[in-house]
Amino acid sequence: MSLPDPVPLHGPAYKRDPYPLYARMREAGPVHRVLFPSGVTAWLVTGHAAAQRTLADPRLGKNHALGNDRWRARASIMPEPQHSRLQAHLLHQDAPKHTAMRRMVTDAFAPRRVEELRPRFQELADALVDALPADGEPVDLVGRFAARFPFQVLAEVIGLPPHLAARFRREWGKVVAPVGPEDPGRPAYEALLRGLEEYIAEVVADRRGAGDGLLARLVAAHDAGELTPEELSSMIFQLLVAGQEPVTNQITTALVALFRHPEALARLRDEPGLMPSAVEELLRYDSAFELTTWRFLAEDAELHGTRVPAGDSVIVSLCAANRDPERFPDPDALDLDRAQGSHLAFGHGVHYCPGAALARAELQVALGTLLARLPGLRPAGPDGELRWIPAVLGRGTSALPVRFDGCPYARGEGR
C-alpha cells in the first residue's frame, strides 16, 4: 500500500501504536512529508543512520527565525507576547548562543552530581510508594507517582524551594501542546500561559540573590547581562516543563512495555542488577520523546535524496530510528539482554539532552522502587482502554491504573 502525501501523524490508532506506520515509512525511504493535527506540514526523517546524520547536520538550524512564511503561518501556535518570551530556550538556539546557554546548565545535570543525589531520589520515591493506598482498589500510577516523582526530583536538582514547588500546577505543562487560534480551547490555553508566566516571574524574584542552585545562578546570569529577560524566562520554562513531563511519560511507557511482557517484568523484579541495561532497552523500545522539535535549512538543499525547501521544518522520528532493523536486530522485541547500541532516545549531536544522566537515574530509581515494593504489580484494566496523550512530539498515557497485592513492601523487603 502506497503512503499518502503528506502522511498524517495523528489519531487514536496512531498514538496507540505508531510503529507499523514508521516501519512502512522506513521501507519506503528516509524522508517523508507529514501532516500534524494543527495543519503544520514537515519533513520527517525515519531510519537510524539518516536520523543520526540529520541530528548532526550543520546545515540545519533550530532558531525559529529560519522558518519560512508557510511554516510560521501555522506553527507559531503560542501567541504573542508569550511566544517571544517563552521560546528563546536551548531547543530553539544555535551556536554560539546555544553553546553559552547550555554551559550554564550542564553542571547541574552532570553524572557525578546526579549520583551524589541518588539517595535523595530514593527517599522521594519511597515516600510516594508509602503513601499509596493498600486497600486493593486500582491506583493511577500517573497521578500518584509518575507525575509527582520527576517534579520532586527536578525541584531538588535545580534549586526550586518547597514553597514554590508546592504551587506549580502540572497542567501548565500542557502549554507545549498545539492549540490553534480557532480552537474552542484557545482561551483556556492562553490563561494557562499567563498563569505560567506569572509563576516564572515569582520564581525569578524569589531566587534573585538566593545563592546556590541552578535557578539562582540563571537569575544571576541575567542580572550580569549574560541572558536577556526572554532567555531567562524561556530557560526556566524549559526546565519546569521539558525537565519533568518526558520522564513522567517515560515511566508510563516503560511500565506499559513491561506489563505487555510479563516475563521481562518478572525477571527484572528478580534480578534488580539488570536495571541499568533494562532502562536503556526500554528507552529504545518506546521512547517518550517520539519526535524531535523543528530544524530548518537556510537554503533549498538535498536531505537524504529529497529536495527540501529552505525554511520548511525538518523533524526526526526518534522512535522510528530506535526500531530500525538495520541497527537493532529484531527491533520490535523487548530484549533485556540486547547488546546496548546507540539508541537515540536522548537525541544526538550538540542538542543531545543535557539531562540524560538525570533521566536515566530517575527511571532506574522509579522502576526499581515500584517493582521491588509493590507485590504483584499489574494493570488494573484492559490494555486497549489506555488513553494515550494526544501530544505531537511525545508518547505517554494520561493515566495508568494498576493493582498490587496487599501493602507495599518495606524498602528492601521485596527482594
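Provided above is the structure to which this section pertains.
Quick caveat: nothing in here was measured; it's all calculated off a predicted structure. (Residues numbered from 1 in each chain as written. Predicted model: local features only at pLDDT ≥ 70, side-chain atom pairs only at ≥ 80, totals over all residues. Heavy atoms only, no water.)

### Comments concerning the side chain of Asp 324
Logical step 1: Examined against the element boundaries, Asp 324 turns out to sit in the loop between α17 (318–322) and α18 (356–373).
Logical step 2: Buried charged residue Asp 324 carries no salt bridge. Nearest counter-charge: Arg 26, at 4.3 Å.
Logical step 3: When near neighbours in sequence (up to four residues on either side) are disregarded, Asp 324 contacts Arg 26, Gly 47, His 48 and Pro 331. (Helix = DSSP H or I, 4+ residues; strand = E, 2+ residues; numbered from the N terminus. Buried < 20%, exposed > 50% of the residue type's maximum accessible area, 1.4 Å probe, protein only. Lys, Arg positive; Asp, Glu negative; His and termini not counted. Salt bridge = Lys/Arg side-chain N within 4 Å of Asp/Glu carboxyl O. Contact = heavy atoms within 4.5 Å.)

### What to know about the sheet that holds strand β4 (residues 60–61)
Logical step 1: Spatially, the six strands line up as an open sheet ordered β1-β2-β3-β9-β6-β4, and their pairing is mixed. The open sheet has two edge strands, β1 (7–8) and β4, and neither has a second partner.
Logical step 2: Pairing analysis gives three bridges linking strand β3 (residues 41–45) to strand β9 (residues 313–316), with the strands arranged parallel. The partner of Leu 44 across the bridge, within β9, is Ile 315. (Pairing = 2+ DSSP bridges.)

### Quick look at the nonpolar core
Across soluble globular proteins, you tend to see nonpolar side chains buried next to one another.
Logical step 1: In terms of nonpolar packing, the biggest core is built from 94 residues, with Phe 149, Ile 158 and Leu 160 touching the most fellow members.
Logical step 2: In terms of residue count, the dominant contributor to this core is α18 (10 residues).
Logical step 3: Ignoring sequence-local partners within four residues, the contact set of Ile 158 consists of Phe 109, Gly 213, Leu 214, Leu 215, Leu 239 and Leu 240.
Logical step 4: Core analysis: the next-biggest nonpolar cluster, separate from the first, contains 20 residues, Tyr 22, Phe 36, Leu 44 and Ile 315 among them. (Core = buried A, V, L, I, M, F, W, Y, C linked by side-chain atoms within 4.5 Å.)

### Some words on helix α12 (residues 214–223)
Logical step 1: Among the residues making up α12, those that are buried are Leu 214, Leu 215, Ala 216, Leu 218, Val 219 and Ala 221.
Logical step 2: Elements that come into contact with the buried residues of α12 comprise α6 (97–106), α9 (149–158), α11 (186–207) and α13 (229–242).

### What to know about the packing of aromatic side chains
How two aromatic rings sit relative to each other is given by the distance of their centres and the angle of their planes.
Logical step 1: Taken as a whole and assessed by the stated rule, the structure comprises 11 aromatic pairs.
Logical step 2: Seen from their ring centres, Phe 36 and Trp 294 are 6.2 Å apart, and the 85° between their planes marks the pair as edge-to-face. Of this pair, Phe 36 sits in the loop between β2 (31–35) and β3 while Trp 294 is found in the loop between α16 (275–285) and β6 (295–297), placing the two residues 258 residues apart along the sequence.
Logical step 3: In this structure Phe 36 comes out as buried when scored by relative accessible area, which is 2%.
Logical step 4: Trp 294 gets classed as buried once you look at its relative accessible area, which sits at 16%.
Logical step 5: Ring centres 4.9 Å apart and planes at 75° place the aromatic pair Trp 71 and Phe 296 in the edge-to-face group. With a gap of 225 residues between them, Trp 71 in helix α4 (residues 69–75) and Phe 296 in strand β6 connect regions that are remote in the sequence. Grouping residues by exposure puts Trp 71 and Phe 296 together as buried. (Phe/Tyr/Trp six-rings, centres within 6.5 Å; stacked < 30°, edge-to-face > 60°.)

### Describing α11
Logical step 1: With 22 residues, α11 extends 32 Å from end C-alpha to end C-alpha; this agrees with the ideal 32 Å at 1.5 Å per step.
Logical step 2: The secondary structure elements touched by the buried residues of α11 are α5 (82–86), α10 (162–165), α12 and α13.
Logical step 3: Following α11 by one or two positions, Gly 209 adopts a phi angle in the positive range, close to 75°. (Expected span 1.5 Å × (residues − 1).)

### Some thoughts on the packing of helix α14 (residues 245–260) against helix α15 (residues 262–270)
Logical step 1: Interhelical geometry of α14 versus α15 gives an angle of 110° and a closest axis separation of 5 Å. With respect to α15, the element α14 is oriented roughly perpendicular. Listed contacts from α15 to Leu 258, Phe 259 and Arg 260 of α14 are Pro 262, Ala 264, Leu 265 and Leu 268.
Logical step 2: When grouped by side-chain class, the residues that make up the contact of α14 with α15 number six nonpolar, no polar and one charged. (Axes fitted to C-alpha atoms, helices over the stretch in contact; angles between N-to-C directions. Parallel < 35°, antiparallel > 145°, perpendicular 65-115°, else oblique. Nonpolar A, V, L, I, M, F, W, Y, C, P; charged D, E, K, R; others polar.)

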